[in-house]
Amino acid sequence: MNYTTAELAKITNSQLIGNENLHVQSIAFDSRIIFSTIDTAFIALNSSKNSGEKYISEAIEKGVSIIISAHQVFEHPNISWIITENTTLFLQKLAKYHFENSQIKSIGITGSNGKTIVKEWLYQCLWDEYPTVKSPKSFNSQIGLPLSLLQIEKKHQLGIFEVGISKPGEMEILENIFSPEIGILTHIGTAHSINFNSEEEIINEKLKLFKESTTIIFNGDNDLLYRKINEIYSSKELISYGTKSRNYYHLTTDWKNVNKEIEVEEKNGKFSFPVKVRTEATVINALCIIATLKHLGFKISEILTKLEAIKSVEMRLESVEGTRNNLIINDSFNLDVDSLQIAYQFIKEYQKENKVLILTDIIDVKEKPEILYPYVAKLTNEQNFNQIFLVGNEITKYSELFLNNVYSFKTAEELIDNHEINKIENSIILLKGARKFEIDRLKLTLELQKHDTVLEVNLNNLLHNINIHKSLLKPQTKMMAMVKAYSYGLGGYEIAEFLQHHLIDYLGVAYVDEGIDLRKKGITVPIMVMNPEQHSYNGIIDYNLEPEIYSFRVLNQFVEKLKQKGIETKYPIHIKLESGMHRLGFKTDELDELIYQLKYHNLQLKSIFSHLSSADDENENDYTRKQLKIFSDNSEKIVSAFNYSILRHILNSSGIVNYTDYQFDMVRIGIGMVGISSNKKIQKQLKSVVSLKTLISQISEILPGKSVGYNRKFIPKNKTRIATIPVGYADGIPRLIGNGVGKVGINKILKPIVGNICMDMMMINLDDLPANEGDEVIIFNENPSLEDFANYCKTIPYEVLTSISRRVKRIYIKD
């Protein structure tokens, strides 16, 4: 896009205050991740729970001079304002105008699953045939789709855009903005089904996108969808694909048989194609690509060549702890200008002052180097990297365009051998490279831990789970995230940093050293210490932590420490009440004395809280409500004695979903972030956050009567194959799940753990399962799930996660 401020105001029927000749080429909506301010406007999006107008000052501080908002929040001589009644509608109107005035051929993709994969694969197949634009990441919502459409430029001939909905009525709005010439419907599943009354309602909603489409390409295996689409759109060109023989493109061989290529039949004959990864979703998505490319006029031979060249879609950025207190952000899965911009946005979320970039040649793009690399340098210079390492034959020719300390190397091996990289400390290091440069080798050099066994934490899913819980709350209700016990084993700082970026109100830790560690690493959000020990009061005060006070002994000791340190301002504390857990807290008959002492001492009461003992047990409903009544009465007595605002909170993760009416002023979320809920309806909406995985080290054939492992605990009766994997009880796997009790997932099939679990290894009976050394093994994620694994261990997910050893490398990913 490229509009003047006057044109933007005219197109959207908005009011312009300021310079009418300023140019806008991009619109930023998140002040935290503005990576460029040149020709950029900031739009203050408002929702029922948040107002974007409170971030306008931050955007201006970063250099933005054009603000799109519902109000002129303040006057500023250098700021131009575009005032509009509804900023979301502004985006949608502008996107509609922009799309309708382009000459682009358009493909719109909707469905419950597979949208992003199909979009990325189509892009890989078509980018070198036509100048093509696509939705970034999974931008497909009421805001995401307009932002995607605004990326259309005059040079583009083809646009591939995702369209997603979560509730009835949304598709009509999106179809009004974007009417694709070619419509693709990938799959109808359970995603967002909680908001619909039936599968038919989901189908009817999604089909609205194709009102103006001339061609619809769809997965025809769903009987209801097949019938509905033929009823509603019988006059359009309908192309179906799937496993059933009624589809225009359908499979005629068993896709699970890895020894055979997949055979497809169409009305004009048969053909076969190879698929590297044999999952049903992969095969069906490949069929969708075939159907689409065939419709666009490509020959089968050309399509098969393109399918062979498709790269796996790694839609994630990894962060992992590096040597010398560095943080490694690995985004070496793909490299183009779009993904570079996304990576630059991502690193804005971290607080480290020193930033280092490792950037390779950008390959497989049409732009000429003399146009591409000056633009890349311009983007990069706005990020203020302290050091930049350029790798490749092309990008190094333009090294003088990059600012600050710039180093040039022809290969990654040259860079590693130079050792300059090993001098970096206390920095965030962004690895952004094309696969051919083997940047993963560089990552191994920089990583602190090199264990094949990793605990992978999906931060997007963690945020999704938080938002599911937030959707049950009033907009004004605050949330405290419990990051005690190393964030339930996920990693203390990394999780806290992510939560702070996403504006969590409070963090909760168990012990002072956890809070101190977070403060030292730049966490500034308020932190409550649940178990303040007497010897730790100095640390609490020195690092501005807020202690839980649960008895007069603790109260008096802490007040004495404040006096010793000469603290004259009112120090924030949190009062714990006993309501039925019978663990810690002030009792009902102590309240009068407590109120007296709180008023007498130099303290600020930030919150009053308690803990439910059985919020996850529906059989204890009466007892839980009794606890809630005690807390409500006792906390109200304290609050009424003071003339300032005091937060009250008692609900944990189970409490949030089962006793929402008692949310008071704040709630505390813990295991709910990870994707575990005692409420079955909510559990269906949560996503798995944690995956413990490793690789097969060796596969051995074991003859009948031969033994496996310590004490010869497994002796097969028949010839079998045993996989040894590098994870054991020193990594947090309890010995009790050996000898057939527990199972792991290999190629999506559960296989038993046999023999005694060793300190660093355990053995899996593969039997006749096709598997190779180096194949991935899932200890827990989806199959088996974390809950399944906890059941093997005869414990709860909390204990499983907190037992995973620190020697297991934590990797943090973002889609």
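My aim in this report is to walk through the structure given alongside it, one point at a time. None of these values were measured; they are calculated from a predicted model.

Our next topic: the overall build of the protein chain. Assigned secondary structure in the protein chain consists of 27 helices and 39 strands. Taken over C-alpha atoms, the radius of gyration comes to 29 Å for the protein chain, in line with the 28 Å a tight globule of 815 residues would show. Considering only C-alpha atoms, the protein chain reaches an extent of 85 × 85 × 65 Å along its principal axes. Taken over 815 residues, the protein chain has a buried fraction of 56%. Considering only intrachain contacts with a sequence separation of at least 6, the fraction spanning at least 24 residues in the protein chain is 65%.

Strand order across the open sheet formed by 9 strands is 9-10-8-11-12-13-14-15-16, with mixed pairing between neighbours. Among the strands making up the open sheet, the edge pair consists of strand 9 (132-134) and strand 16 (269-273). Within the sheet, the average angular offset between the axes of one strand and its neighbour, ignoring direction, is 20 degrees. With respect to the sheet, helix 4 (residues 115-126) is in contact with strand 8 (105-110), strand 9, strand 10 (158-162) and strand 11 (182-185), its orientation differing from that of strand 10 by roughly 165 degrees.

In this section: the nonpolar core. One recurring pattern in soluble globular proteins: nonpolar side chains tend to sit buried together. Counting residues in each nonpolar core, the largest one holds 127 residues, and the members touching the most others are L490, L499, L507, I779 and F780. Ignoring sequence-local partners within four residues, the contact set of L490 consists of L455, V457, L462, I495, V674, V689, V690, L801, R810 and Y812. Listed in part, the 45 residues of the second largest apolar core include I66, I68, I203 and L225.

Attention now goes to the sheet that holds strand 29 (residues 603-609). Pairing in this open sheet of 8 strands is parallel, and the strands run 30-29-28-27-26-25-24-31 from one edge to the other. Strands with a single pairing partner mark the edges of an open sheet, and in this sheet they are strand 30 (647-649) and strand 31 (666-669). Strand-to-strand, the axes of this sheet are offset by a mean angle of 30 degrees, without reference to chain direction. As paired strands, strand 26 (residues 527-529) and strand 27 (residues 546-549) are joined by 2 bridges and run parallel to one another. Paired with M528 across the strands is E546, a residue of strand 27.

Let's shift gears to the environment of G269. In this fold, G269 is placed in strand 16. For G269 and D221, which are 48 residues apart along the polypeptide, the C-alpha to C-alpha distance reads 20 Å.

Right, let's get into unusual backbone geometry. Put simply, N783 and P784 share a cis peptide bond, and its omega is 5 degrees. With respect to the helices and strands, P784 occurs in the loop between strand 38 (776-780) and helix 26 (786-792). A positive phi angle, close to 55 degrees, is found at N739, a residue other than glycine. Assignment of secondary structure puts N739 in the loop between strand 34 (720-725) and strand 35 (743-746).

Before going further, it helps to spend a moment on a negative patch on the surface. There is a patch of like negative charges on the surface, built from E413, E414, D417, E438 and D440. For the negative patch, the leading source of residues is helix 13 (residues 412-418), giving 3 residues. One can find E413 in helix 13. The partly exposed category is assigned to E413, whose relative accessible area is 44%.

This part is about helix 22 (residues 621-639). One full turn of an α-helix is made of 3.6 residues, so residues set three or four places apart face in the same direction. Spanning 19 residues, helix 22 covers 26 Å between terminal C-alpha atoms, matching the ideal 27 Å at 1.5 Å per step. Of the positions making up helix 22, those classed as buried are T624, Q627, L628, F631, N634, S635, I638 and V639. The buried residues of helix 22 occupy an angular sector of 150 degrees when projected down its axis, which confines them to one face. Exposed residues on helix 22 whose side chains face more than 90 degrees from its buried face are D622 and K626. Against helix 21 (591-600), strand 29 and strand 30 lie the buried residues of helix 22.

So, about the packing of aromatic side chains. Under the criterion given, the structure shown has 18 aromatic pairs. Pairing F161 with F178 gives two aromatic rings, centres 5.5 Å apart and planes at 80 degrees, and the pair type is edge-to-face. Taken together, the residues span a long stretch of sequence, with F161 in strand 10 and F178 in the loop between helix 6 (170-177) and strand 11 at a distance of 17 residues. Residues F631 and F664 carry aromatic rings whose centres are separated by 5.2 Å and whose planes lie at 85 degrees to one another, so their mutual orientation is edge-to-face. One end of the pair, F631, is in helix 22; the other, F664, is in the loop between helix 23 (653-658) and strand 31, with 33 residues separating them in the sequence. For the pair shown, F631 and F664 are each scored as buried. Geometry around F385 places K355 over its ring, the cationic atom sitting 5.5 Å from the centre. The ring of F642 has K599 lying over it, and the distance from NZ or CZ to the ring centre is 5.7 Å.

For any two helices packed against each other, one specifies the inter-axial angle together with the distance between the axes. Interhelical geometry of helix 7 (residues 199-207) versus helix 8 (residues 223-232) gives an angle of 40 degrees and a closest axis separation of 10 Å. As far as their axial angle goes, helix 8 and helix 7 are oblique. Taken as a pair, helix 7 and helix 8 cross one another with a handedness that is right-handed. Here E199, E200, I203, N204 and L207 of helix 7 lie close against helix 8, whose contacting residues are L224, L225, K228, I229 and I232. The class makeup of the residues in the contact of helix 7 with helix 8 is 6 nonpolar, 1 polar and 3 charged.

Moving on, we come to the pairing of strand 38. When you tally the buried positions in strand 38, you get 4 out of 5 residues, the bulk of the element. With 2 bridges joining them, strand 35 and strand 38 adopt antiparallel strand pairing. Residue pairing for strand 38: I746 is matched across the bridge by V777.

Further remarks concern the pattern of salt bridges. Note on pairing: side chains with opposite charge can pair once their charged atoms come close. Taken as a whole, this structure holds 27 salt bridges when the rule is applied. K134 is the partner of E120 in a salt bridge, and the nearest nitrogen-oxygen pair spans 3.3 Å. Here the residue E120 occupies a position in helix 4, and K134 occupies one in strand 9, the gap between them amounting to 14 residues. When its relative accessible area of 14% is taken as the criterion, E120 is described as buried. Look at K134 and you get buried, because its relative accessible area is 9%. Its salt-bridge partner being K693, residue E776 comes within 3.4 Å of it at the nearest N-O pair. Here E776 is found in strand 38, whereas its partner K693 is found in strand 32 (residues 690-695), with 83 residues between them in sequence. Connected via shared salt-bridge partners are K119, E120, K134 and E162.

Secondary-structure assignment places E175 in helix 6. No salt bridge is formed by the buried E175; the nearest opposite charge belongs to K211, separated by 4.7 Å. Of the polar contacts made by the side chain of E175, one reaches the side chain of S179; its length is 3.0 Å. What E175 contacts, discounting residues up to four positions off in sequence, is K208, L209, K211 and E212.

Let us look at the packing of helix 15 (residues 459-470) against helix 17 (residues 492-501). Helix 17 packs onto helix 15 with a crossing angle of 55 degrees between their chain directions and a minimal axis gap of 11 Å. As summarised for this structure, helix 15 and helix 17 are arranged oblique, according to the angle between their axes. As for how helix 15 packs across helix 17, the hand of that crossing is right-handed. The residues of helix 17 that touch helix 15, namely those facing L459, L462, L463 and I466, are I495, F498 and L499.

Turning our eyes to something else, we now look at the pairing of strand 10. Most of strand 10 is tucked away, with 5 of its 5 residues classed as buried. Where strand 9 meets strand 10, 3 bridges bridge the pair, whose relative direction is parallel. The residue of strand 10 that forms the bridge with K134 is I160. As a crossover connection, the stretch from strand 9 through helix 5 (residues 144-149) into strand 10 is right-handed.

Cut-offs applied
- Residue indices begin from 1 for each chain and proceed along its sequence in written order.
- Local features are withheld for residues below a pLDDT of 70 in this predicted model, meaning they are given only at 70 or higher, and side-chain atom pairs are given and counted only at 80 or more; totals for whole chains, interfaces and linings count all residues.
- Values reported for side chains reflect all heavy atoms of the structure, with hydrogen atoms and water molecules removed beforehand.
- Each helix is a run of DSSP H or I of at least 4 residues and each strand a run of E of at least 2, with the numbering of both proceeding from the N terminus.
- As a reference, a globule follows 2.2 Å times the number of residues to the power 0.38, and the radius of gyration itself is taken over C-alpha atoms.
- Exposure is judged per residue with a 1.4 Å probe applied to protein chains only, and the accessible area is read against the type maximum: over 50% gives exposed, under 20% gives buried, and values in between give partly exposed.
- Whether two residues are in contact is decided by their heavy atoms: any pair within 4.5 Å suffices.
- Here, strands pair whenever DSSP counts at least two bridges between them.
- Helix axes are fitted only over the stretch in contact, all axes being lines through C-alpha atoms; the angle between N-to-C directions runs from 0 to 180 degrees.
- Definition used in this section: a nonpolar core is a set of buried Ala, Val, Leu, Ile, Met, Phe, Trp, Tyr and Cys residues joined via side-chain atoms within 4.5 Å.
- Only residues whose relative accessible area exceeds 30% and that form no salt bridge are eligible for patches; like-charged ones are grouped when within 9 Å, while nonpolar side chains (Val, Leu, Ile, Met, Phe, Trp, Tyr) are grouped when within 5 Å.
- Areas reported here follow the Shrake-Rupley algorithm with a probe of radius 1.4 Å; residue values treat only the protein chains shown as occluding.
- Every case where a carboxyl oxygen of Asp or Glu lies within 4 Å of a side-chain nitrogen of Lys or Arg is listed as a salt bridge.
- The charge count treats Lys and Arg as positive and Asp and Glu as negative. His and the chain ends do not count.
- Charge positions come from single atoms, namely NZ of Lys, CZ of Arg, CG of Asp or CD of Glu.
- The length a helix should cover is 1.5 Å for every residue beyond the first.
- What the arc describes is the spread of directions from the helix axis to the C-beta atoms.
- Stacked, tilted and edge-to-face are the three classes applied to pairs of Phe, Tyr and Trp rings, where Trp contributes its six-membered ring and a pair requires centres within 6.5 Å; stacked means planes under 30 degrees apart, edge-to-face means over 60, and tilted covers the rest.
- Sitting over a ring, as applied to charges here, requires NZ of Lys or CZ of Arg to be within 6 Å of the ring centre and within 35 degrees of the ring normal.
- Angle categories are assigned with fixed cut-offs, so that under 35 degrees is roughly parallel, over 145 is roughly antiparallel, 65 to 115 is roughly perpendicular, and the rest are oblique.
- Two helices cross in a left-handed way if the nearer one is turned anticlockwise from the farther one by less than a right angle. They cross in a right-handed way if the turn is clockwise.
- Side-chain classes are defined by residue name, with Ala, Val, Leu, Ile, Met, Phe, Trp, Tyr, Cys and Pro counting as nonpolar, Asp, Glu, Lys and Arg as charged, and the others, Gly among them, as polar.
- The definition of a polar contact used here is a pair of N or O atoms within 3.5 Å, where within protein one atom must be able to donate a hydrogen and the other to accept one, and adjacent residues in sequence count solely through side-chain atom pairs.
- Look down the strands so they point away from you; if going from the first strand over the helix to the second traces a clockwise path, that crossover is right-handed.

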